[in-house]
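# Summary of structural features
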Amino acid sequence: MLKIENLKVRIGDREVLHGIDLQINDGETHVLMGPNGSGKSTLLMTIMGFGNYQVTEGRILYNGKDITSMPIDERAKLGIGMLFQRPPTISGLKLGKLLSAVAGGKTGDIPGYARSMNMEGFLERDINKGFSGGEIKRSEVLQLMVQRPDFVMADEPESGVDLENISLMGNSIARLLQKDMHIVNRQKSGLIITHTGYILNYIEADFGHVMIDGMIRCHGNPREILNVIKEKGYKECLACQQI
Amino acid sequence: MPADMNEFYTLPETEQERLTQTGLDVSMENRCGSFFQMDQKILQTTCSAQGVEVLAIEDALEKYDWMADRYWNAVKRDKDKYTKFVAKQEHPKGVVVIAHKGTRAVFPVQACLYLSAEPVQTVHNIMIAEEGAELHVISGCASASGAKRGSHLGITEFYVGKNARLTSTMIHNWNPHISVYPRSAAIVEENGVFISNYVCMHPVARVQMNPEAILAENATARFSSIVIAHEGSHLDLGSRAVLQGKGSSAELVTRAITKGGTVISRGYIAGVTDETRGHIECRGLILTDGTIHAIPEIDGRVTGTELSHEAAVGKIARDEIEYLMSRGLSEEEATATIIRGFLDVKIEGLPPVLQKQIDAAIDASEAGY
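Presented here is an overview of the structure given in this document. (Residues numbered from 1 in each chain as written. Chains lettered and ligands numbered in written order. Predicted model: local features only at pLDDT ≥ 70, side-chain atom pairs only at ≥ 80, totals over all residues. Heavy atoms only, no water.)

## Details of the overall build of chain B
Along the backbone of chain B there are 8 helices and 20 strands. In summary, chain B has a C-alpha radius of gyration of 20 Å against a globular reference of 21 Å for 369 residues, a match within 12%. Principal-axis analysis of the C-alpha atoms gives chain B an extent of 65 × 60 × 40 Å. A separation of at least 24 residues holds for 83% of the contacts in chain B among residues at least 6 apart in sequence. Looking at chain B as shown, the accessible area adds up to about 14400 Å², and 46% of this sits on carbon and sulfur atoms. Looking at charge distribution, chain B has the averaged site of its 35 positive side-chain charges lying 3 Å from that of its 48 negative ones. (Helix = DSSP H or I, 4+ residues; strand = E, 2+ residues; numbered from the N terminus. Rg over C-alpha atoms; globule rule 2.2 N^0.38 Å. Contact = heavy atoms within 4.5 Å. Areas by Shrake-Rupley, 256 points an atom, 1.4 Å probe, with all protein chains shown as cover. Lys, Arg positive; Asp, Glu negative; His and termini not counted. Charge placed at Lys NZ, Arg CZ, Asp CG, Glu CD.)

Put into structure tokens, the structure is as follows:
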């Protein structure tokens with residue numbers, strides 16, 4: 001579904017990603033771990049196509065199509081969707097109105113989706129204005145439910161979410177990734193950034209990657225990688241230099 | 001006075017549409033009364049609600065002796081050259097709306113002022129909500145789209161009695177050759193509420209106004225302006241509130257967009273008595289190089305007053321546009337959605353039919369962002 005080849009990315013004058021290679025096949029979910037500032041969010045923002053992230057080398061292929069220079073909205077229309085870690089507040093824009101716009105004017109299942117995310121009371125509120133950390137994340141998942149992307153990226157979906165809501169988040173993202181379907185029939189793929197690994201209790205991820213200083217240093221079983229990081233820290237990944 | 005709208009129907013359809021955008025509801029389905037003045041000719045004064053009167057100003061002055069005390073009282077006749085010009089008119093035109101004591105009108109009265117062919121239109125309105133009454137007025141002002149020049153001088157005096165509530169919603173739809181000088185003021189008695197809304201989304205040569213509310217004990221005033229200055233438009237707008245009575249409060253809110261024109265947004269609140277509160281908020285969006293100049297003034301005189309202001313002027317944040325694009329909206333759709341949100345000021349205490357009218361006036365111009 002997604003293939004990234006030797007991707008180098010600059011933000012302003014600084015190169016943040018120094019040649020990333022990554023392949024995510026249909027139905028696979030990958031998790032991305034790494035210390036703060038290592039470039040994980042930059043990778044997601046670049047895949048989505050945000051303007052501040054300038055690709056200087058390499059390319060991004062989505063279902064075989066080179067999307068490296070494609071505008072954000074066209075990527076979204078191809079089926080790429082993202083759960084943001086810190087989305088902007090937009091004054092006057094009601095969450096419900098955005099959801100209708102995302103649904104192409106059809107209200108369809110919006111009330112039901114909102115109920116399932118405990119967000120019914122937020123449809124008439126300005127998007128992200130005064131939302132708590134957990135509410136922002138629930139609003140993000142709700143938007144993705146309406147958007148129905150084939151490739152789901154999530155930037156720290158569990159951060160700021162209280163224990164009561166973490167299972168709601170986890171199970172909802174699992175449904176977005178068709179985890180309720182048999183592996184053979186599963187089509188949707190995902191790339192999820194996590195620090196804590198809580199999300200792995202709800203989403204059986206297929207592969208894990210560790211990014212340090214703008215490079216992917218390690219691939220492997222996500223739980224094993226997480227255990228190593230928990231016990232020995234990222235130093236171990238650096239020392240390992242698997243790739 | 002004639003109550004004949006036939007002349008309205010002789011107007012080209014496009015002109016009828018322009019008037020409808022300002023809130024004119026010819027069917028009268030959601031209106032309790034109506035006044036229509038074309039140039040200096042009054043075409044309609046009608047009212048179906050009990051306890052509410054809609055009168056041409058000359059008739060009102062003749063009918064009620066006390067009207068003389070309300071005539072050139074809130075607004076002084078020698079305030080400036082425009083008021084002096086209007087005061088000179090031998091036969092003043094305009095409308096008087098009276099909601100008599102305790103009357104609560106559910107639907108608004110519409111006042112429609114249309115500048116068709118004459119170079120100057122003068123209007124003098126008086127709106128009165130007597131003690132305990134509730135009155136909603138929607139004034140739509142428009143000019144013929146082909147008019148090459150013209151001035152509209154409109155005086156409006158508002159009187160809000162004790163425990164009364166008066167809302168005034170004014171929607172302008174002029175053209176690039178018209179200059180507009182409204183002069184209005186409100187006197188709000190104890191526990192009275194005065195809400196004034198102004199919407200101007202279309203090009204106009206010049207609008208200059210600075211309406212004022214004088215507030216007695218526990219009275220409230222709220223002014224909201226939603227405007228777009230197109231290239232060649234000069235909008236010098238302001239509102240003033242004097243918190244004279246203990247417990248009174250005022251809020252002045254502006255959303256201004258420039259597409260190459262000028263918006264000067266003045267706000268002034270004076271807190272001269274204890275237990276008073278006032279807040280000025282101005283937000284400006286520069287879509288094309290132009291001017292948005294916010295001049296908020298808060299003038300506190302006693303320890304028991306709390307006054308504040310906030311102003312912000314800038315462009316649409318790129319991260320907001322890109323966020324919406326990541327949900328599948330095109331750049332144009334994302335920009336229009338953000339602008340529509342920016343202009344979305346929900347006005348507390350306004351009947352839904354009027355909020356809808358404001359929303360419709362903004363939506364109608366959406367293509368013009």
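## Concerning the overall build of chain A
Along the backbone of chain A there are 8 helices and 12 strands. Radius of gyration (C-alpha) of chain A: 18 Å, near the 18 Å computed for a compact globule of 243 residues. By principal-axis analysis of the C-alpha atoms, chain A measures approximately 50 × 40 × 40 Å. When contacts within chain A are restricted to residue pairs at least 6 apart in sequence, those whose partners lie at least 24 apart make up 71%. Here chain A has roughly 10600 Å² of accessible surface; of this, 46% comes from carbon and sulfur atoms. The averaged location of the 29 negative side-chain charges in chain A is 3 Å from the averaged location of its 28 positive side-chain charges.

## Details of the nonpolar core
Counting 107 residues, the largest nonpolar core has L43, F151 and L191 of chain A as its most contacted members. Ignoring sequence-local partners within four residues, the contact set of L43 of chain A consists of I4, L7, L17, I20, L22, L32, L191 and M211 of chain A. V52, V95, A186 and V188 of chain B belong to the second-largest nonpolar core, a separate cluster that totals 57 residues. (Core = buried A, V, L, I, M, F, W, Y, C linked by side-chain atoms within 4.5 Å. Buried < 20%, exposed > 50% of the residue type's maximum accessible area, 1.4 Å probe, protein only.)

## Some thoughts on the packing of aromatic side chains
All names here are of chain A. Overall, the coordinates contain 9 aromatic pairs over all chains when judged by the stated rule. Aromatic pair F50 and F84: ring centres 5.6 Å apart, planes at 70°, arrangement edge-to-face. Of this pair, F50 sits in the loop between helix 1 (40-48) and strand 4 (53-62) while F84 sits in the loop between strand 6 (80-83) and strand 7 (90-94); the two residues are 34 residues apart in sequence, bridging distant segments of the chain. Taking the relative accessible area as the measure of exposure, F84 reaches 5% and is therefore buried. (Phe/Tyr/Trp six-rings, centres within 6.5 Å; stacked < 30°, edge-to-face > 60°.)

## Comments concerning the packing of helix 6 (residues 318-325) of chain B against helix 7 (residues 331-342) of chain B
All names here are of chain B. Between helix 6 and helix 7, the least distance of the axes is 9 Å, while the angle of their chain directions is 120°. Taken together, the axis directions place helix 6 and helix 7 in an arrangement best described as oblique. Along this stretch, helix 6 crosses helix 7, giving a crossing that reads as right-handed. Each of R318, E320, I321, L324 and M325 in helix 6 lies in contact with helix 7, whose residues at this interface are E331, A334, T335, T337 and I338. Residue classes in the contact of helix 6 with helix 7 are distributed as 5 nonpolar, 2 polar and 3 charged. (Axes fitted to C-alpha atoms, helices over the stretch in contact; angles between N-to-C directions. Parallel < 35°, antiparallel > 145°, perpendicular 65-115°, else oblique. Left-handed = near helix turned anticlockwise from the far one by under 90°. Nonpolar A, V, L, I, M, F, W, Y, C, P; charged D, E, K, R; others polar.)

## A closer look at the sheet that holds strand 2 (residues 41-47) of chain B
Residues and elements named next belong to chain B. Sheet architecture is open: 10 strands sit in the order 2-1-5-7-9-11-14-16-18-20, paired in mixed fashion. Of all strands in the sheet, those with a lone pairing partner are strand 2 and strand 20 (305-314), marking the two edges. Between one strand axis and the next, the sheet turns by 5° as a mean value, whatever way the strands run. Looking at chain direction, strand 1 (residues 33-38) and strand 2 are connected through 6 bridges and run antiparallel. Across the sheet, F36 pairs through a bridge with Q44, a residue of strand 2. On top of the sheet, helix 7 reaches strand 16 (249-259) and strand 18 (276-288); it is set at about 160° to strand 18, its chief contact. Sitting on the sheet, helix 8 (residues 352-364) touches strand 7 (134-143), strand 9 (165-173), strand 11 (193-200) and strand 14 (220-230), and the angle it makes with strand 9 is about 20°. (Pairing = 2+ DSSP bridges.)

## Some thoughts on the sheet that holds strand 5 (residues 65-66) of chain A
Residue and element names in this part refer to chain A. If you walk across this open sheet you meet the 4 strands as 2-1-4-5, and the pairing is antiparallel. Among the strands making up the open sheet, the edge pair consists of strand 2 (14-24) and strand 5. In the sheet, strand 4 pairs with strand 5 via 2 bridges, with the strands oriented antiparallel. Bridged to Y62 within strand 5 is K65.

## A closer look at the interface of chain A and chain B
Facing 29 residues of chain A, the contacting portion of chain B comprises 19 residues. Summed over both sides, the interface between chain A and chain B buries roughly 1800 Å², with carbon and sulfur atoms accounting for 61% of that surface. Per-residue buried area on chain A facing chain B is highest for D73, P88 and I90 of chain A; these three make up 24% of the total on that side. The interface formed by chain A and chain B includes 2 salt bridges. K94 of chain A is the partner of D344 of chain B in a salt bridge, and the nearest nitrogen-oxygen pair spans 3.6 Å. The interface formed by chain A and chain B contains 9 residue pairs in polar contact (both at pLDDT 80 or more). Mapped by element, the contributors of at least two residues to the side of chain A that touches chain B are helix 2 (72-78), strand 6, strand 7, helix 3 (95-102) and helix 5 (133-147) of chain A. Here the side of chain A that touches chain B gets 5 residues from one element, more than from any other, and that element is strand 7 of chain A. (Buried area = accessible area lost by both parts, 1.4 Å probe. Salt bridge = Lys/Arg side-chain N within 4 Å of Asp/Glu carboxyl O. Polar contact = N/O pair within 3.5 Å; in protein donor to acceptor, adjacent residues only side chain to side chain.)

## Considerations on a negative patch on the surface
Residue and element names in this part refer to chain B. Residues E131, E189, E190 and E217 make up a contiguous surface patch of negative charge. Looking at the element boundaries, E189 is found in the loop between strand 10 (178-188) and strand 11. Overall, the relative accessible area of 35% leaves E189 in the partly exposed class. (Patch = residues over 30% accessible without salt bridge, like charges linked within 9 Å, V, L, I, M, F, W, Y side chains within 5 Å.)

## Some words on helix 3 of chain A
Summarising burial for helix 3 of chain A: 6 of the 8 residues are buried, a large majority. Three or more residues of helix 3 of chain A are buried, namely L95, G96, L98, L99, S100 and V102 of chain A.

## A few points about unusual backbone geometry
Of note, the phi angle at D213 of chain A is positive, near 50°, even though the residue is not glycine. We note that N191 of chain B has phi near 60°; this positive angle belongs to a residue other than glycine. Mapped onto the secondary structure, N191 of chain B falls in the loop between strand 10 and strand 11.

## What about helix 6 of chain B?
A large share of helix 6 of chain B lies buried, amounting to 6 of its 8 residues. Along helix 6 of chain B, the residues classified as buried are E320, I321, E322, Y323, L324 and M325 of chain B. On its buried side, helix 6 of chain B packs onto helix 2, strand 7, helix 3, strand 8 (126-127) and helix 5 of chain A together with helix 7 of chain B.

## Side note on the pattern of salt bridges
Tallying each qualifying case throughout the model produces 28 salt bridges over all chains. Between R283 of chain B and E281 of chain B there is a salt bridge, with the nearest N and O atoms lying 3.9 Å from each other.

## Brief notes about the packing of helix 5 of chain A against helix 6 (residues 163-176) of chain A
Residues and elements named next belong to chain A. Orientation of helix 5 relative to helix 6, taken along the N-to-C sense of each, is 20°, at an axis distance of 11 Å. Judged on the interaxial angle alone, helix 6 and helix 5 are roughly parallel. Remark: the crossing between helix 5 and helix 6 carries left-handed chirality. For the pair formed by helix 5 and helix 6, the contact residues are K137, R138, V141, L144 and M145 on the first element and N165, L168, M169, S172, I173 and L176 on the second. The residue inventory of the contact of helix 5 with helix 6, partitioned by class, reads 7 nonpolar, 2 polar and 2 charged.

Such coordinate-based values are descriptive only and should not be taken to indicate function.
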